[in-house]
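Architecture at a glance
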Amino acid sequence: MQQVRSQRTSWLIATPPALLTLAIVLPGIGARPIWNDERATWFASTLSWTDLLRLLNHRDVVIGPYYVFMHVWIGLVGDSQTAIRFPSAVAMAAAAALLALTGRKLFDPITGLAAG
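A few points on the structure. What you see is a predicted model; the values in this text were computed from it and never measured.

Procedures and definitions
- Residues numbered from 1 in each chain as written.
- Predicted model: local features only at pLDDT ≥ 70, side-chain atom pairs only at ≥ 80, totals over all residues.
- Heavy atoms only, no water.
- Helix = DSSP H or I, 4+ residues; strand = E, 2+ residues; numbered from the N terminus.
- Expected span 1.5 Å × (residues − 1).
- Buried < 20%, exposed > 50% of the residue type's maximum accessible area, 1.4 Å probe, protein only.
- Axes fitted to C-alpha atoms, helices over the stretch in contact; angles between N-to-C directions.
- Parallel < 35°, antiparallel > 145°, perpendicular 65-115°, else oblique.
- Left-handed = near helix turned anticlockwise from the far one by under 90°.
- Contact = heavy atoms within 4.5 Å.
- Salt bridge = Lys/Arg side-chain N within 4 Å of Asp/Glu carboxyl O.
- 1 Å grid on protein atoms, 1.4 Å probe; cavity = no way out; pocket = protein on both sides within 12 Å on 5 of 7 lines; lining within 4 Å.
- Points joined across faces, edges and corners; volume = space filled by probe spheres on them.

1. Section: helix 5 (residues 81–106)
- Here helix 5 spans 38 Å end to end across 26 residues, near enough to the 38 Å set by a 1.5 Å rise per residue.
- Taken together, the buried positions of helix 5 are Ala83, Ile84, Arg85, Pro87, Ala89, Ala93, Ala96, Ala97, Ala100 and Gly103.

2. So, the packing of helix 4 (residues 64–77) against helix 5
- The geometry of helix 4 relative to helix 5 is characterised by a closest axis approach of 10 Å and an angle of 130° between their N-to-C directions. Between helix 4 and helix 5, the angle falls in the class oblique. Every pair of crossing elements has a handedness; the one defined by helix 4 and helix 5 is right-handed. Between helix 4 and helix 5, the residues in contact are Tyr66, Phe69, Met70, Trp73, Ile74 and Val77 and Ala83, Ile84, Phe86, Pro87 and Ser88, respectively.

3. Description of the pattern of salt bridges
- Evaluation of the coordinates by the stated rule reveals two salt bridges.
- Ionic pairing is found between arginine 85 and glutamate 38, a salt bridge with its closest N-O pair at 2.7 Å. Of this pair, arginine 85 sits in helix 5 while glutamate 38 sits in helix 2 (residues 36–45); the two residues are 47 residues apart in sequence, bridging distant segments of the chain. Comparing arginine 85 with glutamate 38, the two get one shared label, buried.
- A salt bridge links arginine 54 to aspartate 51; its shortest N-O distance comes to 3.0 Å.

4. Points about the layout of surface pockets
- In this structure, the largest pocket encloses a volume near 350 Å³.
- In terms of lining residues, the largest pocket is bounded by 17 residues, among which Ile29, Arg32, Glu38, Arg85 and Met92 are the most central.
- Put simply, the parts of the chain that give the lining of the largest pocket at least two residues each are helix 1 (2–25), helix 2 and helix 5.
- Top element by residues in the lining of the largest pocket is helix 5. It accounts for five residues.

Given below as structure tokens:
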């Protein structure tokens, strides 16, 4: 019973910050021109697998997993500005939710909600 209540409280604390983040980030997500780092992501992620692995052998190894994910993502949904930015928007919403849960665990539910 206590665990069910804790899970319910977790959802109630994590969901509002995540939804608020999405509500702020998603409108106009494809409206602004692409930035240099987004252009670099697009370039690396649209290379062939062979060329991408060659690139990762010489530079950008730290963000290699991200480029691999984006390569698959772009293959599935395309390379529009919105498609390229959407995974980052979801990651920001997840970060807000996790921050809320961390604040709840370290302090109390209200602090967690405010932090998120």
